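Report on the structure
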Amino acid sequence: MPRVTLETLPDYARYLITAAEGAAAHYPAPLTVRLPRLQLTAHVAPGVLADALGHAFVEAADDQTEPSACRIFTVHPGIDGIPEPARWGDAHFTEYGFAERLAGDGLRGHYFHDLDFWQVYDPERRIGVQLMASADAFPPWEPTAPLRAFLHWEYAARGMRLTHAGTLGANGKGVLLAGAGGAGKSGTVAAGLLNGLDSVGDDYVLIDLAGGVTARPLFSTLKQDARGFARLGLKQRLGVESPLNWQGKHTFHIVDIAPRPVPPALDIVALVVPHIGGGEASSIVPVPRRDAMIALAPSGIMQMPGERESGFRFFGDLTRLLPSYRLSLGTHPEEIAGTIADFLTRVAS
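Residues numbered from 1 in each chain as written. Predicted model: local features only at pLDDT ≥ 70, side-chain atom pairs only at ≥ 80, totals over all residues. Heavy atoms only, no water.

Some words on the side chain of Gln-224
Summarising the element assignment, Gln-224 is placed in strand β14 (residues 221-225). The class for Gln-224 is buried, based on a relative accessible area of 5%. Setting aside residues up to four positions removed in sequence, Gln-224 forms contacts with Ser-186, Gly-187, Phe-229, Leu-232, Leu-234, Lys-249, His-250 and Phe-252. (Helix = DSSP H or I, 4+ residues; strand = E, 2+ residues; numbered from the N terminus. Buried < 20%, exposed > 50% of the residue type's maximum accessible area, 1.4 Å probe, protein only. Contact = heavy atoms within 4.5 Å.)

Here's what the structure looks like:
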């Protein structure tokens, strides 16, 4: 099996793109998804990943501007012209060094050692390759937000950013919910949706800072651990108890519980950091910008390969543009949603 080093990495990345383009005729009809200002065409063989791609996105309505187009090939050996994935050949591997080497040649990429799972992207040509050892040899988080890295690279090239955060809103105005896993972010989004609020995403949303702070939907998937699933009455609401994912959480979709169609965008008026409170009632109080930056930036940068420096600049700008608050969560979903709705009325007025 070939091995790739930092020295040979750009050549290997371009080789994979050429091989994938040459194999395009051996795929079934590609899947095309309309996303905000982007038409994504994914060449993917039938299987779990293809099923995920068919359900994981919130399709965008027609934009005011013509969307750009990008193509992603998800390939594996067994397709004519596709090689076995290479392994890393240097003694040491760092994500930062890997990203910097590719960026020097105008490319982007990511490598997951455990599966010899490669993702490479040419932002100038807007074409990428996801090379797997087999059709189902992808990391367990991939079906929830498929092709996330490619969307990150494509949107980052335009000054936008995939952000690890949830959203809730009403009447076109919304809050961005930031925090590490276990802070209550996903439960807060689900509680809001079940009680009349809107959302453009629970886990990853697209943020644009041009002319204010705007959040747009990309992925439709919501997640809840078993305890939250039961507390929110989601089994009765959905009529089925979905299998647990790799994190031990149930997955479902925004449209399953949303009171209205997913809005095309929310104008974000505040950054809110939720945490599990100690009382029945929820409360919202201001916090320093530094606390909001700590809640927002680390996961948003660590979970998105490459673009580290631009990421810190982006999140620094974001936290300067928005007032920041801490949300102490009460115990009742209806009360939590009501607290956020009242807060939105005050802040957005």
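Let's talk about helix α9 (residues 289-302)
Given 3.6 residues per helical turn, the α-helix brings residues three or four places apart onto the same face. Between the first and last C-alpha of α9 there are 20 Å, a value that for 14 residues agrees with the 20 Å anticipated at 1.5 Å per step. Among the residues making up α9, those that are buried are Ala-292, Met-293, Ala-295, Leu-296, Ala-297, Ser-299, Gly-300 and Ile-301. For α9, the elements touching its buried residues are β9 (161-164), β11 (173-177), β16 (266-276), α10 (308-321) and β18 (324-329). (Expected span 1.5 Å × (residues − 1).)

A closer look at unusual backbone geometry
Despite not being glycine, Asn-171 shows a phi value in the positive range, around 55°. Mapped onto the fold, Asn-171 is located in the loop between β10 (166-170) and β11. Looking at Asn-171, the relative accessible area reads 79%, which means it is exposed. Although it is not a glycine, Glu-307 adopts a positive phi angle of roughly 60°. Turning to its location among the elements, Glu-307 is positioned in the loop between α9 and α10.

Focus: the nonpolar core
With 53 residues, the main nonpolar core has Val-175, Leu-176, Ile-207, Leu-296, Phe-315, Leu-318 and Ile-340 as its most contacted residues. Ranked by residues supplied to this core, first place goes to β16 with 7 residues. Setting aside residues no more than four positions away along its own chain, Leu-176 makes contact with Ala-165, Gly-166, Thr-167, Val-205, Ile-207, Ile-268, Ala-270, Leu-271, Val-272, Leu-296 and Leu-318. One finds Leu-35, Phe-112, Leu-206 and Met-304 within the second-largest nonpolar core, a separate group that totals 31 residues. (Core = buried A, V, L, I, M, F, W, Y, C linked by side-chain atoms within 4.5 Å.)

Points about the side chain of Arg-148
Within the fold, Arg-148 resides in helix α4 (residues 148-156). Buried charge without a salt bridge: Arg-148, with Asp-203 as the nearest opposite-charge side chain at an N-O distance of 6.1 Å. Beyond its immediate chain neighbours, meaning those up to four positions away, Arg-148 contacts Trp-141, Leu-162, Tyr-204, Phe-219, Gln-303 and Met-304. (Lys, Arg positive; Asp, Glu negative; His and termini not counted. Salt bridge = Lys/Arg side-chain N within 4 Å of Asp/Glu carboxyl O.)

So, the packing of helix α1 (residues 9-22) against helix α3 (residues 95-103)
Where α1 contacts α3, the axes come no closer than 9 Å and their chain directions differ by 70°. Between α1 and α3, the crossing angle belongs to the class labelled roughly perpendicular. Judged by residue contacts, Leu-9, Pro-10 and Ala-13 of α1 engage Phe-98, Arg-101 and Leu-102 from α3. Within the contact of α1 with α3, the residues separate by chemical class into 5 nonpolar, no polar and 1 charged. (Axes fitted to C-alpha atoms, helices over the stretch in contact; angles between N-to-C directions. Parallel < 35°, antiparallel > 145°, perpendicular 65-115°, else oblique. Nonpolar A, V, L, I, M, F, W, Y, C, P; charged D, E, K, R; others polar.)

Digging into the pattern of salt bridges
Per the counting criterion, the structure on display carries 16 salt bridges. Residues Lys-173 and Asp-267 are paired through a salt bridge, measuring 3.8 Å at the closest nitrogen-oxygen approach. With Lys-173 in strand β11 and Asp-267 in strand β16, this pair connects stretches of sequence that are 94 residues apart. For Asp-267, a relative accessible area of 36% translates into the label partly exposed. When salt bridges with common partners are traced through the structure, they connect Glu-21, Arg-71 and Arg-125 into a single cluster.

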